[in-house]
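# Commentary on secondary and tertiary structure
So the chains spell out like this:
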Amino acid sequence: MELTPRALTFAPGDGQSPPPMTQVYLHPDIADYFVEYDFGEVLRSPADGGPGDLRRKVMEDYVGEKCILLRNVGIDYDRAFLSGVSFPPTWYFKKFPSKVVERDKPLDRNPLKQELCRDLFGGDKGLFHRFEGEVRAVNAGIRRVLDELLRHHRIEASDIIWRHTETRVENLHFDIDQDSGAFESVRLYLNMDDIPRIWHTSHELSRILPAYYDELELGAFASQPLEKLLQTLSLRLFGNWMSRGREQFPRHMVLFEPGDVWICDGRTVPHQVIYGRRVASSFYRLDSAALPAWHPSLKSKVDAVHDAHVAGAPAAGPETLKGYVYPFAAGGPKPPPGVRHPDLKKDWDKLYEESLQPKLVRL
Ligand SMILES: [Fe+2]
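Residues numbered from 1 in each chain as written. Predicted model: local features only at pLDDT ≥ 70, side-chain atom pairs only at ≥ 80, totals over all residues.

## So, the overall build of the chain
When helices and strands are counted, the chain shows 11 helices and 13 strands. Evaluated residue by residue, the chain yields a buried proportion of 30% over its 363 residues. Relative to all contacts within the chain whose residues are 6 or more apart in sequence, the contacts with residues 24 or more apart total 84%. (Helix = DSSP H or I, 4+ residues; strand = E, 2+ residues; numbered from the N terminus. Buried ≥ 20, exposed ≤ 12 C-beta atoms within 10 Å, placed from the backbone. Contact = placed C-beta atoms within 7 Å.)

## Description of the sheet that holds strand 6 (residues 167-168)
Read across the open sheet, the five strands follow the order 1-10-9-12-6; overall the sheet is antiparallel. Edge strands, defined here as strands with exactly one partner in the open sheet, are strand 1 (23-25) and strand 6. Of the strand pairs in this sheet, strand 1 and strand 10 (residues 252-256) are connected by three bridges, and their pairing is antiparallel. In the sheet register, Q23 faces strand 10, and the bridge partner there is L255. (Pairing = 2+ DSSP bridges.)

## Some words on the environment of W91
Relative to the helices and strands, W91 is located in helix 4 (residues 91-94). Separated by 258 residues in the primary sequence, W91 and D349 have C-alpha atoms spaced 7.1 Å apart. Ignoring anything within four residues of it in the chain, the contact list for W91 reads K345 and W348.

## Here we look at the nonpolar core
Grouped together as the largest cluster of nonpolar side chains are 43 residues, with contacts concentrated most on I68, L70, V261 and W262. Top contributing element to this core by residue count: helix 7 (residues 125-149), with six residues. Beyond its immediate stretch of four places on either side in the chain, L70 contacts Y37, F39, V145, V261, W262 and I263. Counting residues in each nonpolar core, the second largest holds 20 residues, with Y213, L233, F249 and V302 among its members. (Core = buried A, V, L, I, M, F, W, Y, C linked by C-beta atoms within 7 Å.)

## Considerations on the packing of helix 6 (residues 111-121) against helix 7
Where helix 6 meets helix 7, the closest approach of the two axes is 9 Å, and the angle between their N-to-C directions is 105 degrees. Taken together, helix 6 and helix 7 sit at an angle that is classed as roughly perpendicular. In this structure, helix 6 contributes L116, C117, L120 and F121 to the contact, and helix 7 contributes K125, L127, F128 and F131. Split by residue class, the contact of helix 6 with helix 7 holds seven nonpolar, no polar and one charged. (Axes fitted to C-alpha atoms, helices over the stretch in contact; angles between N-to-C directions. Parallel < 35°, antiparallel > 145°, perpendicular 65-115°, else oblique. Nonpolar A, V, L, I, M, F, W, Y, C, P; charged D, E, K, R; others polar.)

## Examining unusual backbone geometry
Of note, the phi angle at V169 is positive, near 45 degrees, even though the residue is not glycine. Relative to the elements of secondary structure, V169 occurs in the loop between strand 6 and strand 7 (183-186). A residue is classified by how many C-beta atoms lie within 10 Å of it, and V169, with 16 of them, is partly exposed. With phi around 50 degrees, E217 is a residue other than glycine that occupies positive phi space.

## Let's talk about the pairing of strand 8 (residues 188-191)
Of the two faces of strand 8, the one holding L188 and L190 and the one holding Y189 and N191 are both buried throughout. Alignment of strand 8 against strand 11 (residues 261-264), held across three bridges, turns out to be antiparallel. The partner of L190 across the bridge, within strand 11, is V261. Pairing analysis gives three bridges linking strand 8 to strand 13 (residues 279-287), with the strands arranged antiparallel. In the sheet register, L190 faces strand 13, and the bridge partner there is A280.

As far as function goes, none of this settles anything; it's purely spatial.
If you want it as structure tokens, here you go:
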């Protein structure tokens with residue numbers, strides 16, 4: 001009997017076969033914080049902010065450090081066209097602020113759009129206009145979801161970042177938002193590629209914080225910006241860019257399939273991209289003075305941990321987190337003598353090129 005090889009990639013919504021679901025390889029020591037919702041059911045639930053309102057449930061899960069998969073979102077765009085657009089592997093395009101394209105000012109009067117038209121389409125205005133339409137379509141689809149989920153919040157900023165350059169092995173980290181104590185951020189992702197986007201994730205902040213409170217002397221961060229605490233935890237527990245791929249922490253592995261939409265608070269769920277090429281992600285900021293009663297800000301939650309500690313609450317030791325090893329407790333590993341620690345922003349193109357060589361590359 002002749003076997004027909006199964007296609008290795010799927011086109012979501014091709015009508016032929018159901019798209020594959022996200023795959024999660026769970027680490028037994030880490031909580032299973034993956035949940036899923038049907039977006040149609042969210043829309044049909046009462047929008048009254050009560051316990052039956054699935055918008056509230058989704059956001060409670062977001063605050064509760066869950067990774068939320070949204071099913072049947074349905075964002076229509078020309079995937080074939082966009083997958084043919086080649087984004088240069090530069091720092092600018094690594095996190096491309098797509099609002100540049102959404103602005104009303106037309107190409108002839110917009111120097112930023114003209115620059116993009118040159119960089120992405122060799123000056124072809126027709127292609128740029130087509131691209132403009134697709135960016136608007138994708139972003140409108142993402143905003144439709146977020147505007148629905150955030151009906152009970154006040155949105156202060158609604159940026160959408162397109163990461164359409166190749167990402168290879170980031171370091172495990174908490175997301176660092178500048179001035180993060182002043183607002184709540186919401187990140188939603190859409191895998192726009194035709195291959196899975198692969199992530200690792202680790203223990204939630206609410207487990208890490210008490211476990212390492214004493215050992216890492218986190219009380220010293222009570223009066224410092226929230227992002228300083230998150231940055232220090234990332235560096236001391238997981239390591240830095242130079243030690244990426246060598247993290248010793250237990251991690252889940254997740255394969256987000258093409259078309260997958262997920263929401264996850266990177267400030268509380270440590271994560272790293274192992275491989276990915278095309279994603280759009282929101283960077284929404286919520287007014288933290290206008291949060292619903294059921295949405296405590298991250299700052300208030302972290303402050304409560306500091307306060308409990310001052311009040312003498314016994315902190316759990318790291319031994320309560322089985323399998324935790326952190327070889328970088330004294331700071332990230334240093335590069336060999338004579339090797340300059342790279343400035344990621346400045347050296348990004350070079351670093352990327354250096355990682356792709358016609359020989360074995362040891363990173
Ligand atoms: Fe991140």
